Amino acid sequence: MSDRVYAKDAGWKDMVAGGYIPQAGNAEEYSVAGWRIVHPVRDDDACIDCLFCWVYCPDNAVYVENESVIGLGFDLEHCKGCGICAAVCPKDCIKMEEGSMPAEDE
Amino acid sequence: MGVRQPLEGNNAVAEAMRQINPDVVAAYPITPSTEIVQTFAKFVADGLVDTNFVAVESEHSAMSACTAAAAAGGRVMNVTSANGLALMWEILYITASLRQPVVLTVVNRALSGNINIHCDHSDAMGARDAGWLQLFGEDAQEAYDNLFQAVAIAEREDVRLPVMSCLDGFLVSHSYELVEVEDDDALRDWVGPYKPRMPLLDINNPYTMGPLDLWDYYIEHKRSQWDAYPDAKQAVIEEGQRFGETFGRSYGLMECVELDDAELVVMAMGSTAGTCKDVVADLREQGVKAGLLKLRCFRPFPAPEIVEVLKGAKALAVLDRAASFGAATAPLFSETVSALYSHGVHAPALNIIYGLGGREIRPEDIVGVFDDLKAIAKSGQPSDPVKWIGVRE
């Protein structure tokens, strides 16, 4: 954890009144990996780089570089496993697989 | 200098809003507060105020827009009653939790069902846990004066909490009284400019408001919010004094009538307190040591201050213009007795439930309550802690 978030043992007197978060964008440091019961896996050979998954992902959890997602996978710290990417994929090349993480990572 | 004008309670509130000239009003009309919204909307249309009036499609939207406008950095006001307040319920908590100083006039009216448009306090009592400060005015003058103080209290840097300014539906809202209307400039000077704390439109200092907040920090935030209310109570006292210094009418957490040596004490909020004042004066002439505690500030609940003025009473009746269904007693009584008990004072106490849905309360009803208190002072305990009055058997 960085100084962009409260310390784990921060007390109530340390809180900003109103519960505001003055450190912009620190949701990046909050892992929601544990929320998932399924995770997305893309078949990069079938992918046509239409970027629908990147556009529709509500959590900015689809990696993209130079207008391409192929070979980059997903941000599994912020993907909640909602399956929207799989639902909108016109080539049906994203599958939601059982478990919060790929088997080799568990 | 002020000018005495005959005004309905609602028009006095609308006039106060014109003088305050808030940045945003997002309101949805509902009886008996409709007149305030329509009168203020005319002020906007006539260019008498600079307010951005947002015509919304419901009270839920009204309070959402108000909370958001306050978060953006505006001075924001709103008006509602009864079912309208109930529809705001979800957002009321958010306004207070985000420490946004929105000021809401609540013209008190009974909640459904059945549908009733007349006065009781069930609407405000239903919102008592939301984190808003709640001031109750007795008459049109107080409703007028309270609104300026509500803005000043809410916006203080040591408070930053929303305030409800309550007045009794129809009994005050639609009754003409002589109201001392103060000078526009004097009032604007008294209220002063608003300096928002951490407004969302400060794009150079971006931050997040109202994020997901789970088991890891939520309770710390709530504990932090809890700590704001003692300061808010002090602000109610100080702004009431400051108002008196400028305009000659001072206010506090409560008004004590003949309490110094009172043995039989009645406690009430709103217009009924005015009826009680007359009865107390009559009983004093007859040699009865009667007194009245008119509570003005229900939130924050001034527990030690109430105990201090009630500790000498031989019997106490707390008048609730609301019922809390399923509870043993009604809200004002419950909180008052809880305050007394936790400070070691155990006066015999009776909870009177009255006036629901606009049922009239007359001086003879209050005399009857004092008769009950005489009996309780002797017996040491009412046979039943709750008594409904003004209801047909």
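**Details of the overall build of chain A**
Point 1. If you tally the helices and strands in chain A, you get 2 helices and 2 strands.
Point 2. Helices and strands in chain A line up, N terminus first, as β-α-α-β.
Point 3. At 17 Å, chain A has a C-alpha radius of gyration far larger than the 13 Å of a compact globule built from 106 residues.
Point 4. Looking at chain A alone, contacts between residues at least 24 apart form 61% of all its contacts between residues at least 6 apart.

**A short note on the interface of chain B and chain A**
Point 1. At the interface, 16 residues of chain B touch 12 residues of chain A.
Point 2. The dominant element in the side of chain B that touches chain A, judged by the number of residues it contributes, is helix H9 (residues 218–226) of chain B, at 4 residues.
Point 3. A breakdown of the residues in the side of chain B that touches chain A according to their chemical character gives 7 nonpolar, 4 polar and 5 charged.

**Here we look at the sheet that holds strand E7 (residues 163–168) of chain B**
Residues and elements named next belong to chain B.
Point 1. Overall, mixed pairing links the 7 strands, which are arranged E3-E2-E4-E5-E7-E6-E12 in an open sheet. Bordering the open sheet on either side are strand E3 (52–55) and strand E12 (297–299), each of which pairs with just one other strand. On average, each strand axis in the sheet is tilted by 20° relative to the strand beside it, whichever way the strands run.
Point 2. Both strand E5 (residues 103–108) and E7 contribute to a ladder of 6 bridges, which runs parallel. Each bridged residue has a counterpart across the sheet, and for Leu 104 the counterpart in E7 is Met 164.

**Describing the nonpolar core**
Point 1. By size, the foremost hydrophobic cluster in this structure holds 124 residues, and its most contacted members are Cys 66, Leu 147, Phe 148, Ile 153, Val 163 and Val 266 of chain B.
Point 2. By residue number, the principal contributor to this core is helix H7 (residues 140–155) of chain B, which donates 10 residues.
Point 3. Taken domain by domain, the makeup of this core includes at least three residues from each of domain 1 (3–247) and domain 2 (254–388) of chain B.
Point 4. For Cys 66 of chain B, the residues in contact, after removing those within four places along its chain, are Val 24, Ala 26, Val 76, Asn 78 and Val 102 of chain B.
Point 5. Counting 10 residues, the second-largest nonpolar core is a separate cluster that includes Ala 61, Phe 74, Cys 79 and Cys 89 of chain A.

**Side note on the sheet that holds strand E13 (residues 315–320) of chain B**
Residues and elements named next belong to chain B.
Point 1. Strands sit in the order E9-E11-E10-E13-E14-E15 across an open sheet of 6 strands; the sheet is mixed. Of all the strands in the sheet, just strand E9 (254–257) and strand E15 (386–388) have a single pairing partner and so form its edges. Between one strand axis and the next, the sheet turns by 20° as a mean value, whatever way the strands run.
Point 2. In the sheet, strand E10 (residues 264–268) pairs with strand E11 (residues 290–295) via 5 bridges, with the strands oriented parallel. Along E11, the bridge assignment pairs Val 266 with Leu 292.
Point 3. Together, E10, E11, E13, strand E14 (349–353) and E15 form the strand contacts of helix H14 (residues 363–379), whose direction differs from that of E10 by roughly 135°.

**A look at unusual backbone geometry**
Point 1. Of note, the bond from Gly 113 of chain B into Asn 114 of chain B is cis; its omega dihedral lies within 30 degrees of zero at 0°.
Point 2. Here Asn 114 of chain B lies in the loop between E5 and helix H6 (122–126).
Point 3. Arg 299 of chain B connects to Pro 300 of chain B through a cis peptide bond whose omega is -5°.
Point 4. Although it is not a glycine, Asn 66 of chain A adopts a positive phi angle of roughly 50°.
Point 5. Along the chain, Asn 66 of chain A falls in the loop between helix H1 (52–56) and helix H2 (84–88).

**Overview of the environment of Arg 42 of chain A**
Residue and element names in this part refer to chain A.
Point 1. Within the secondary structure, Arg 42 is located in strand E1 (residues 38–42).
Point 2. Judged by local crowding, Arg 42 falls into the buried class, with 22 C-beta atoms found within 10 Å.
Point 3. Excluding anything up to four places from it in sequence, Arg 42 contacts Cys 47, Cys 93 and Ile 94.

**Here's the deal with the domain arrangement of chain B**
All names here are of chain B.
Point 1. Taken as a whole, chain B is organised into domain 1 (3–247) and domain 2 (254–388).
Point 2. The distance between the C-alpha centroids of domain 1 and domain 2 comes to 28 Å.
Point 3. In this assembly, 25 residues from domain 1 lie in contact with 20 residues from domain 2.
Point 4. Going through the elements one at a time, H6, strand E6 (133–136) and helix H10 (228–247) are the ones with two or more residues in the side of domain 1 that touches domain 2.
Point 5. The residue makeup of the side of domain 1 that touches domain 2, split by class, is 13 nonpolar, 6 polar and 6 charged.

**Let's talk about the environment of Ala 322 of chain B**
Residue and element names in this part refer to chain B.
Point 1. Position of Ala 322 relative to the elements: it lies in the loop between E13 and helix H13 (331–342).
Point 2. Distance in space between the C-alpha atoms of Ala 322 and Gly 357 is 9.2 Å, their sequence separation being 35 residues.
Point 3. Aside from chain neighbours lying at most four places away, what touches Ala 322 is Asp 120, His 121, Ser 122, Met 125, Ala 330 and Pro 331.

**Quick word on H10 of chain B**
Residues and elements named next belong to chain B.
Point 1. With 20 residues, H10 extends 28 Å between its outermost C-alpha atoms, agreeing within 8% with the 28 Å of an ideal straight helix rising 1.5 Å per residue.
Point 2. Inspection of H10 places Ala 228, Ala 232, Lys 233, Ala 235, Val 236, Glu 239, Gly 240 and Phe 243 among the buried residues, and these make up the whole buried set. Each buried residue of H10 lies within a common arc of 160° when the element is viewed along its axis, so the set occupies one face. Turned more than 90 degrees away from the buried face of H10 sit Pro 230, Gln 241 and Glu 245, all of them exposed.
Point 3. Packing partners of the buried residues in H10 comprise E6, H7, H9 and E12.
Point 4. Looking one or two places after H10, you find Gly 248, whose phi comes out positive at around 85°.

**A closer look at the pairing of strand E4 (residues 76–80) of chain B**
All names here are of chain B.
Point 1. Of all the 5 residues making up E4, 5 are buried; the element is thus mostly covered by neighbouring parts of the structure.
Point 2. Burial of the side chains of E4 extends over both faces: Val 76, Asn 78 and Thr 80 are buried on one face and Met 77 and Val 79 on the other.
Point 3. Sheet analysis places strand E2 (residues 24–27) next to E4, joined by 2 bridges and oriented parallel. Along E4, the bridge assignment pairs Val 24 with Val 76.
Point 4. Here E4 runs beside E5; their pairing, made up of 4 bridges, is parallel. Residue Met 77 lies in a different strand from E5, and its bridge partner there is Val 103.

Conventions we followed
Residues numbered from 1 in each chain as written. Chains lettered and ligands numbered in written order. Predicted model: local features only at pLDDT ≥ 70, side-chain atom pairs only at ≥ 80, totals over all residues. Helix = DSSP H or I, 4+ residues; strand = E, 2+ residues; numbered from the N terminus. Rg over C-alpha atoms; globule rule 2.2 N^0.38 Å. Contact = placed C-beta atoms within 7 Å. Nonpolar A, V, L, I, M, F, W, Y, C, P; charged D, E, K, R; others polar. Pairing = 2+ DSSP bridges. Axes fitted to C-alpha atoms, helices over the stretch in contact; angles between N-to-C directions. Core = buried A, V, L, I, M, F, W, Y, C linked by C-beta atoms within 7 Å. Buried ≥ 20, exposed ≤ 12 C-beta atoms within 10 Å, placed from the backbone. Domains from an automatic or database assignment. Expected span 1.5 Å × (residues − 1). Arc of directions from axis to C-beta.

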